[in-house]
Amino acid sequence: MSTVAGEMDHHDHHHHAPSGITRWLFTTNHKDIGSMYLWFSFIMFLVGGSMAMVIRAELFQPGLQLVDPHFFNQMTTVHGLIMVFGAVMPAFTGLANWMVPMMIGAPDMALPRMNNWSFWILPFAFAILLASLFMEGGGPAFGWTFYAPLSTTYSSDSTALFVFSVHIMGISSIMGAINVIVTIMNMRAPGMTYMKMPLFVWTWFITAFLLIAVMPVLAGAVTMVLTDKYFGTSFFDAAGGGDPVLFQHIFWFFGHPEVYIMILPSFGIISAIIPAFSRKKLFGYSSMVYATAAIAGLSFIVWAHHMFTTGMPVAAEIFFMYATMLISVPTGVKVFNWVATMWRGSISFETPMLFALAFVILFTIGGFSGLMLAITPVDFQYHDTYFVVAHFHYVLVSGAIFSIMAAAYYWLPKWTGYMYDETLAKWHFWCSLISVNVLFFPMHFAGLAGMPRRIPDYSLQFADINQIVSIGGFAFGLSQLIFLWVVIKCVRGGEKAPAKPWEGAEGLEWTVPSPAPYHTFETPPEVK
Amino acid sequence: MAQQHEKYYVPASSPWPIVGAIGLGLIAFGAGHTVIDMKNEAADGWGSNVLFGGIAVMIVMLFGWFRDQINESMSGLYSNQLGHSYRQGMSWFIFSEIMFFAAFFGALFYARVIAVEWLGGASNNAMTNEVLWPGFEAHWPLTQTPGGTESGAMGWMGLPLYNTIILIVSSVTCHFAHVGLEKNNRKQLTVWLGITIILGCIFLYLQGAEYVHAYEELGLTLDSGIYGNTFYMLTGFHGMHVTLGTLMLIIMFLRVIKGHFTPDNHFAFQATSWYWHFVDVVWVCLFIFVYVL
Amino acid sequence: QSQLNLTQGVTEISQRVYDLHMTIFYICCVIGVIVFGAMFVSMILHRKSKGHKPATFHENVKVEILWTVIPFLILVGMAIPATKTLFAMEDASEAEVTVLVTGSQWKWHYKYFDRDVEFFSLLATRQDQINNRLDKGENYLLEVDRPLVIPTDTKVRFLVTSDDVIHSWWVPDFAVKKDANPGFINEAWTKVDKPGIYRGQCAELCGKDHGFMPVVVIAKEPAEYEAWISEQEAIAKAEKEEEQRLLSMSMSKEELMELGERIYLGSCAACHQANGEGIPGVFPSLKGTEMVMNDKAGHIDIVVNGKAGTAMQAFGNQLSLRELAAVITYERNAWGNDTGDLIQAADVNDYLNN
Ligand code: HEA
Ligand code: HEA
Ligand code: CUA
Ligand SMILES: [Cu+2]
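Starting from 1, residues in each chain are numbered consecutively following that chain's sequence as written. Each chain gets a letter, beginning with A, and each ligand a number, beginning with 1, in the order they are written. Note on the predicted model: pLDDT of at least 70 is required for a residue's local features to be given, and 80 or more for side-chain atom pairs to be given and counted; whole-chain, interface and lining totals, by contrast, use all residues. With hydrogens and water stripped out, all remaining heavy atoms of the structure feed into the side-chain values.

Visitor: What's the story with the interface of chain A and chain C in this structure? I'm lost.
Guide: Reports often express the size of an interface as the amount of accessible area lost when the parts come together. The contact rule is simple, with two residues in contact once any of their heavy atoms fall within 4.5 Å. In this complex, chain A contributes 96 residues to the contact, which on the side of chain C involves 91 residues. Buried area between chain A and chain C, both sides added, is near 8000 Å², and the carbon and sulfur share of it is 70%. Between Lys or Arg on one side and Asp or Glu on the other, a salt bridge is scored when a side-chain nitrogen of the former is within 4 Å of a carboxyl oxygen of the latter. Remark: the boundary between chain A and chain C carries one salt bridge. Residue Glu-503 of chain A pairs with Lys-48 of chain C through a salt bridge whose shortest N-O separation is 3.1 Å. Definition of a polar contact: a pair of N or O atoms within 3.5 Å, with one able to donate and the other able to accept a hydrogen when the atoms are protein atoms, and with sequence-neighbouring residues admitted only if both atoms are side-chain atoms. Summed over the shared surface of chain A and chain C, the result is 25 residue pairs in polar contact (both at pLDDT 80 or more). The helix and strand labels rest on DSSP assignments: H or I over at least four residues marks a helix, E over at least two residues marks a strand, and numbering proceeds from the N terminus. Elements that contribute at least two residues to the side of chain A that touches chain C include exactly helix 3 (69-104), helix 7 (244-261), helix 9 (285-299), helix 10 (314-326), helix 11 (328-342), helix 12 (351-374), helix 13 (376-382) and helix 15 (422-448) of chain A. For the side of chain A that touches chain C, the leading source of residues is helix 11 of chain A, giving nine residues. Under the convention adopted here, Pro, Cys and the residues Ala, Val, Leu, Ile, Met, Phe, Trp and Tyr are nonpolar, Asp, Glu, Lys and Arg are charged, and Gly plus all remaining residues are polar. By residue class, the composition of the side of chain A that touches chain C is 53 nonpolar, 30 polar and 13 charged. Reported buried area values correspond to the accessible surface (1.4 Å probe) lost by two parts on association, with both partners' losses combined.

Visitor: Just to check I follow, could you spell out the environment of Leu-150 of chain A for this structure?
Guide: Within the secondary structure, Leu-150 of chain A is located in the loop between helix 4 (112-132) and helix 5 (159-186). With a relative accessible area of 6%, Leu-150 of chain A lands in the buried category. Considering only alpha carbons, one finds Leu-150 of chain A and Ile-181 of chain A, 31 residues apart in sequence, at a separation of 36 Å. Those residues within four positions of Leu-150 of chain A in sequence are excluded, and the remaining contacts are Phe-142 and Ser-155 of chain A together with Gln-105, Val-165, Leu-205, Cys-206 and Gly-207 of chain C. Type-normalised accessible area, obtained with a 1.4 Å probe on protein chains alone, sets the label of each residue: buried when under 20%, exposed when over 50%, and partly exposed for intermediate values.

Visitor: Looking at this structure, I do not really get the site of ligand 1. What am I missing?
Guide: One heavy atom within 4 Å of a molecule or strand is enough for the residue carrying it to be called near that molecule or strand. As a structural note, the neighbourhood of ligand 1 is formed by 31 residues, with Tyr-260, Asp-379, His-383, His-391 and Arg-453 of chain A the closest of them. The local environment of ligand 1 is shared, drawing residues from chains A and C. For ligand 1, an oxygen atom lies 2.8 Å from a polar atom in the side chain of Trp-144 of chain A. Leu-373 of chain A places a polar main-chain atom, nitrogen or oxygen, 3.5 Å from an oxygen atom of ligand 1. Among the elements of the structure, helix 7, helix 11, helix 12 and helix 14 (386-416) of chain A are those that each provide at least two residues to the shell around ligand 1. With seven residues, helix 12 of chain A is the largest single contributor of residues to the shell around ligand 1.

Visitor: Could you clarify how one ought to interpret the interface of chain B and chain C in this entry?
Guide: Taken residue by residue, the interface counts ten residues in chain B and nine residues in chain C. Carbon and sulfur atoms make up 71% of the area that chain B and chain C hide from each other, which totals about 730 Å². It is Met-127, Val-131 and Leu-132 of chain B that lose the most area in chain B upon contact with chain C, and together they represent 56% of the buried surface on that side. In this assembly, chain B and chain C are joined by zero salt bridges. On inspection of chain B and its partner chain C, the count reaches two residue pairs in polar contact (both at pLDDT 80 or more). Elements that contribute at least two residues to the side of chain B that touches chain C include exactly helix 3 (80-119) and helix 4 (126-132) of chain B. In terms of residue count, helix 4 of chain B provides more of the side of chain B that touches chain C than any other element does, four residues in total. Residue composition of the side of chain B that touches chain C, by class: seven nonpolar, three polar and no charged.

Visitor: What am I meant to see in the coordination of the copper ion (ligand 4) here?
Guide: Around a metal, the perfect tetrahedron of four donors has angles of 109.5 degrees, and the perfect octahedron of six donors has angles of 90 or 180 degrees. All names here are of chain A. Water is not among the atoms examined, so metal sites may look incomplete; donors are the N, O and S atoms within 2.8 Å of the metal, or within 3.2 Å for Na, K and Ca. Here the copper ion (ligand 4) is held by the protein donor atoms His-256 (ND1), His-305 (NE2) and His-306 (NE2), which lie 1.8 to 2.1 Å from it. Sequence positions of the residues that donate to the copper ion (ligand 4) give the spacing H-x48-H-H. Between the copper ion (ligand 4) and the iron atom of ligand 1, a spacing of 4.6 Å is present. We classify His-305 as buried; its relative accessible area is 12%. A relative accessible area of 21% places His-306 in the partly exposed class.

Visitor: Sorry if this is basic, but what is going on with the sheet that holds strand 2 (residues 107-112) of chain C here?
Guide: Within a sheet, adjacent strands bond to each other through the backbone by hydrogen bonds, running parallel or antiparallel. Residues and elements named next belong to chain C. Taken together, five strands build an open sheet; the order of strands is 3-2-1-5-8 and the sheet is mixed. Because the sheet does not close on itself, it has two edges, and the strands there are strand 3 (118-121) and strand 8 (186-190). Strand-to-strand twist across the sheet, computed as the mean angle between neighbouring axes with direction ignored, equals 25 degrees. Pairing geometry for strand 5 (residues 156-162) and strand 8, over five bridges, is antiparallel. By the bridge assignment for strand 8, Val-160 is matched with Asn-186. Here, any two strands with at least 2 DSSP bridges between them count as paired. Lines fitted to C-alpha atoms define the axes, with helix axes restricted to the stretch in contact, and inter-axis angles between N-to-C directions lie between 0 and 180 degrees.

Visitor: Help me understand helix 9 of chain A in this model?
Guide: Since the α-helix advances by 3.6 residues per turn, residues separated by three or four positions end up pointing in the same direction. Multiply 1.5 Å by the residue count of a helix minus one, and that product is the helix's expected span. Its 15 residues place the ends of helix 9 of chain A 21 Å apart at the C-alpha level, agreeing with the 21 Å of an ideal helix rising 1.5 Å per residue. Within the sequence span of helix 9 of chain A, burial applies to Ser-287, Met-288, Val-289, Ala-291, Thr-292, Ile-295, Ala-296, Leu-298 and Ser-299 of chain A.

Visitor: Even after reading the chapter, I still don't get the environment of Met-291 of chain C, so can you show me in this structure?
Guide: All names here are of chain C. Within the element layout of this structure, Met-291 appears in helix 6 (residues 290-294). Spatially, the C-alpha atom of Met-291 lies 9.5 Å from that of Arg-332, the residues being 41 residues apart in sequence. Once residues within four sequence positions are removed from consideration, Met-291 is found in contact with Lys-296, Gly-298, His-299, Ile-302 and Arg-332.

Visitor: What's the story with the coordination of the iron atom of ligand 2 in this structure? I'm lost.
Guide: Residue and element names in this part refer to chain A. Binding of the iron atom of ligand 2 to the protein goes through His-79 (NE2) and His-393 (NE2), at separations of 2.0 Å. Note on geometry labels: four donors, all angles 85 to 135 degrees, give tetrahedral; four donors become square planar and six octahedral when opposite donors are over 155 degrees apart and every other angle is between 65 and 115; remaining cases are irregular. Classification of the site at the iron atom of ligand 2 as octahedral follows from its six donor atoms and the range of 88 to 180 degrees in their angles at the metal. In this pair, His-79 sits in helix 3 while His-393 sits in helix 14, placing the two residues 314 residues apart along the sequence. Residue classification places His-79 among the buried residues on the basis of a relative accessible area of 15%.

Visitor: Just checking my understanding: could you explain the site of ligand 2 for this structure?
Guide: Residues and elements named next belong to chain A. Around ligand 2 there are 33 residues in total, and Arg-56, His-79, Trp-144, His-393 and Arg-454 lie nearest to it. In the model, an oxygen atom of ligand 2 is placed 3.1 Å from a nitrogen or oxygen of the Thr-76 side chain. Residue Trp-144 places a main-chain N or O atom 2.7 Å away from an oxygen atom belonging to ligand 2. Among the elements of the structure, helix 2 (30-58), helix 3, helix 14, helix 15 and helix 16 (463-492) are those that each provide at least two residues to the shell around ligand 2. A total of eight residues in the shell around ligand 2 trace back to one element, the largest contributor, which is helix 2. Within the shell around ligand 2, the residues separate by chemical class into 22 nonpolar, eight polar and three charged.

Dropping the structure here:
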């Protein structure tokens, strides 16, 4: 049974979602798929977070307490992998699924069946990854960066499962990205020119491009790991003419754009929320677009800043240092634009705004530590210490994750048709804000004082700092349970949400009722 | 663009995506276990059974999915705009494939220009050569690795050159077929498409012969160092793409015989032809960088 | 010594690195104060609850150019000292002493160029401290059995490489961190001003015991250093001779087992575990396995030469003949293996020579 959207006004039954489990298994609806992505990513966040709790519990005191070093390394590795590929990326894809068609006035994604396929690959991929932890010899224990030859000759048997699960995750991401990019290029409502698109759409457009460009490179990297380990090749083995550092070049050629994949959509979210709650138009729309593009462009030529200690020639070190530093300029433009948007606005502090404001400040702090890391001679001291861990958790947790929370609060009324519980949400925010800083701020000190990352045990001078960090970690983890509660409560009912619950919000998504109808724009809206 | 929106086609729910996901999941899980068993020489076969099961599921999925798709297309449900979406989707997919090959070309360039040279003492690696690999001299093709493995190198005359010509010609014949389709000249379409398929098969056969020659006469194997590695990985992945492309061409051929495609509705054909051109371009790069230079 | 900030270290370079670190940190603080300050001002003054009405401006090309150019200039200001420091750090020429530093799972090996001295440096913290059965000492996890010794006021060059996976040799007080890549040699150098004991750690994930791979360097006055290294040379020479003499002697089972256990725990147990059972799927068991029970030659071979393509290292150049003999004997008789085989130094030596 198939339908032409234009005729659908006459088929009323199609406005309702089909019911039962097959609705979710067979769906081609962008909202259903978006919801599945979002729930999946939240579950993965809890799983990855639980692993972080194992890490923090082990590091609570010096000495080995709970887990042995080999298992600790597996926790670190799988924590990183799950958070990056299982929590943040699917959350953004989920948001794109829900919001991009609504924001550009399209009935659905361009390729709805493939959309469903992209999603359903993920549970299988992560089931395989998690299952590998239970194999003889354990799962991946070589860090989420899986440097060769630790991941080849010296890894446990299960590595092949890791490799193939990354392969299918990559397939999922690429298909998801193709869908987003084609939707944006091809399905904008009449009058929705590129330079009128909401920034969330713009940032995702560029993110999708990054994804299509670098996920295949990751696939290449894992393939070479596979053949080096199992088929006797020597891409990463000097005896055969290869080089372990080659692995790092390939990995980071993917890896650095990857970290921007995890932040550009955040920029889009923040650029929607700050104007809404400042009741003022976004400052410098076009410079925001150009800055995003500049960040994406630069992201391809900075990868080796993760490799300053590998012994590259000085000329290369200098090139990568300068290029990396340059990224601060367009990122700064964004931060300044947000501040200018708030300036002389009429600001109110609902939970989405609170998370957005926390994002701006904490992300900027993470950006500053990034800039410090970019300074090659000093990076020799910082590299592979907790200073780096502090840096990337600031940009990822209080950056990407906070922006996802902000987005969830901002759009929950549109998704569910109900307002979330503002009091509980405020509790969630303040608990998260305080604990996230207790968790990650002291890590800077541990790193500067010389604590290496990826160690299950440490010398005595780091004991106090780690204790504080762990307490912050448990508190932050528990705070997220409040979020779970708020979301479930909101899905089940509450105060009815109007079509546009936020006074200052702009965009097509607020022109349709809440909850948004199953098919949004069967007749495209006119954008002027 | 404005009016086209009205006709936008949203497919009803479909079982194929989840079947495809199950298929990919089984393939990943099965392939993983197959490889692990192989390494431990402990194959009891269930890994590869899962793998083949997964492939079977994928094949069923592809047939089912494409059947639905073809039926929809034949019954005129598709709009121009959907055609645009498919075409753009295909182009981005090809772009992702290019990036996949780029990773291996990158490895090749790095090995040639940096790794092997450094092992030979270039740049800031004088001590590398002196202390760790005394006597090793950098050269390309790397017929003797630092570890001492020796192998022959593949020349570009002979088979590789013929293969290059064959693929380039096949790109042209494929184009002729396409032109035939657009002019609604079914005979031109059928004949040139058939020739393209035959050329593809010949290419694959010769490639196989070349591998046999490399293994048996040159001692050039997958594990004979970075030269063999990049050679086999690049040509091997390319060969897999040619195989896939040929299969796609054959399916197109069958559909053409069944009377599918019209001059203005033939996305599947066009996608296949793009894919074929892409495979051809990759080969030309391969020929230049792997064989000639 | 600050517990919360980067060390200033004991070399000119480390001092420059520290200064650079502080400069950039202060610049970031200033920018932070300005940006967050502006944010807080508008959060406090321009809030709806105070009845503030929104302005309507949303563009200003001049301002935007300004806040593109100013950060750029700030960056240029940072890049200049950074570049200078970097060039100074990467110039390892004209060193007077050269040490080859080789990482392996999980220990460091030091070899002095032009001198007949080389040795392994292993974690010295007792397992009981790590497992919380003993109180932890002051230098918990930062102590080794044999530290590297270098002269002060002398340019010392380190050639850093690895036998297996990537490690990274790091001494914060020297501001030296260089990856040890298998098959390649990286160069680093230092010139220490103050005699003393300097501690660091491996800084690249290198497997299970990455956290237990400290670096300890003792810097001595050049004269003291010279005395030390000559002494070491003499000791090494004496040991070699002793080795030869021992070839003709047989050790008793008790002696072999006692020494063997010590060596086993120091060199083998990290992978094969104290109980000999290994970690299934990662490190093979030695308990009741075919090679240990029946294949004496194969056993000696794998201990002496290692096994290519696995984590099993070649111990032939890490342990003395006597130690090799003892540890192999131990493995063949411990944990209920009870083969009764005794391996003597001479057996191993025969093997090495054939
Ligand atoms: C969302 C993810 C994210 C983001 C956005 C960033 C952003 C940046 N990162 Fe980060 N980074 C990671 C995730 C991210 N990083 C991860 C995961 C790792 C570790 C991986 C691993 O090893 O496991 C890492 C590691 C990492 C390293 C390697 C460290 C090491 O291992 O030794 C470096 C080095 O240069 C670096 C630099 C930067 C820089 C310069 C930015 C810049 O984009 C930041 C720019 C922002 C600002 C500077 C703030 C705002 C600007 C202004 C207010 C304007 C004015 C400012 C100035 C002129 C100073 N990062
Ligand atoms: C987006 C990515 C992301 C996110 C969100 C996080 C979130 C967290 N991370 Fe993660 N982290 C990475 C990405 C991320 N991390 C990466 C890439 C690495 C590098 C890996 C590597 O070295 O290879 C890393 C490494 C890393 C380390 C270093 C490990 C090491 O070097 O050995 C640590 C240590 O503290 C850590 C801690 C945490 C904590 C406490 C959280 C918290 O924010 C998590 C909070 C969430 C929960 C806790 C779940 C919700 C709550 C429950 C399920 C209830 C149960 C709770 C309790 C019992 C309290 N992370
Ligand atoms: Cu050696 Cu970490
Ligand atoms: Cu980076």
